[in-house]
Amino acid sequence: MLIPFSMKNCFQLLCNLKVPAAGFKDTVKSGLILQSISNDVYQNLAVEDWIHDHMNLEAKPVLFFWRNSPSVIIGRHQNPWQECNLNLMREEGVKLARRRSGGGTVYHDMGNINLTFFTTKKKYDRMENLKLVVKALKAVQPQLDVRATKRFDLLLDGQFKISGTASRIGQTAAYHHCTLLCSTDGTFLSSLLKSPYQGVRSTATASTPALVKNLMEKDPTLTCEVVINAIATEYATSHQINNHIHLINPTDETLFPGINSIAKELQTWEWIYGKTPKFSVNTSFNVLYEHSHLEIKVFIDIKNGRIEICNIEAPDHWLPLEIRDKLNSGFIGSKFCPVETTMLTSILHRTCPEDDELHSKWNMLCEKIKGIM
């Protein structure tokens, strides 16, 4: 049963808070089930941070349901250039987000359910949470072959991954979140989670590829709404609480003081790209010149998302050394992204003599480099 989360009935359920907040008076006597009314990935991730940082979860566990419009979410220690097709994401308007938790890269859309189990650090137990999800699914469809693995995934029919897991463990609080595929666009998922970039060398955590399948492919009645209600019912029974799902607005500062600044930080380039562990790109490509192909080599070191070392090697007769040096030095310190490369190209053009052929080569070279960003 869904209940709007108003000031009258909500945060009399949600606190004790670790920090003071106006308007919150009473305390939660047991657990709580929440569902976001937003489909924005940054707003929903901000709710996770806010609850983790501000709620007293002692004897008051929280289950949070949330769904996002098309988004790719990478783990805290991952490299987006290694994990996904950034060019395709830009073309299709798919958002990229970086979680606070570890783990691998996932694709979200409205056919996927995200569940976050909040507890104290002492009561953190991923396997118990997954067993609860399995029990809920079997309550709806007893013949369903779903089981939890040692990697804390959920497998359908012993081979298809329908859920992946990640977690964040703080000093006193912890959360375990997982996906659950009901009717996700599998073709889009596969296309987006396949990096086309060659020559990326990184020590960042790499995702483990897996065969995936939607629950609705197995049983068309297992819609997101049916599954959410089943899990909420099982959670309520397990924790001996009311099974009402309380709807929340993640942008409401009266309920979550300071939450919009959290969401804003999660959208910054510095967080999404700048937190990428140091990596390098070592690649090459051919250009056509006077009926033959010339090889151009590119080596770039990237730290905190910015170019630290750039070395473009090309035959002197195709691109003079002086021009290559300007290009190499110009890239240093800039963001490893196509927008900044375009701006840099325009600036460098103005520093060079009027030479249409040279500019044409420069443009082609920069377009090739943008293709690896």
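Residues numbered from 1 in each chain as written. Predicted model: local features only at pLDDT ≥ 70, side-chain atom pairs only at ≥ 80, totals over all residues. Heavy atoms only, no water.

Under an unreviewed UniProt entry, the name given to the protein chain is Lipoyltransferase 1, mitochondrial, and the organism recorded is Pontoporia blainvillei. If you open the UniProt record of the protein chain and go to Pathway (unreviewed entry), you find "Protein modification; protein lipoylation via exogenous pathway; protein N(6)-(lipoyl)lysine from lipoate: step 2/2." (UniProt positions renumbered as here; feature names shortened; annotations may be inferred.)

Enquirer: How would you explain the pairing of strand β10 (residues 160–163) if you had to name every residue and give the values?
Expert: Bridging between strand β9 (residues 154–156) and β10 involves three bridges; their strand directions are antiparallel. Paired with Leu155 across the strands is Lys161, a residue of β10. Connecting β9 to the next strand, β10, in antiparallel fashion are three residues, including Asp157 with a positive phi near 55 degrees. (Pairing = 2+ DSSP bridges. Helix = DSSP H or I, 4+ residues; strand = E, 2+ residues; numbered from the N terminus.)

Enquirer: Break down the nonpolar core for me, with residues and values.
Expert: In terms of nonpolar packing, the biggest core is built from 74 residues, with Ile51, Leu96, Ile300, Phe331 and Phe336 touching the most fellow members. A total of seven residues in this core trace back to one element, the largest contributor, which is helix α2 (residues 41–54). Among residues more than four places away in sequence, those in contact with Phe331 are Ile307, Cys310, Ile312, Thr341, Leu344, Cys366 and Ile369. Of all hydrophobic cores here, the second largest spans 34 residues; its members include Ile33, Ile162, Ile228 and Ile241. (Core = buried A, V, L, I, M, F, W, Y, C linked by side-chain atoms within 4.5 Å. Buried < 20%, exposed > 50% of the residue type's maximum accessible area, 1.4 Å probe, protein only. Contact = heavy atoms within 4.5 Å.)

Enquirer: Which residues make up the pattern of salt bridges, and what values go with them?
Expert: One pass over the structure, following the stated rule, counts 14 salt bridges. Between Arg324 and Asp316 there is a salt bridge; the shortest N-O distance is 2.9 Å. Residue classification places Arg324 among the buried positions, given a relative accessible area of 9%. Connected through salt bridges with shared partners, the residues Asp49, Asp53, Arg100, Arg168 and Glu265 form a single ionic network. (Salt bridge = Lys/Arg side-chain N within 4 Å of Asp/Glu carboxyl O.)

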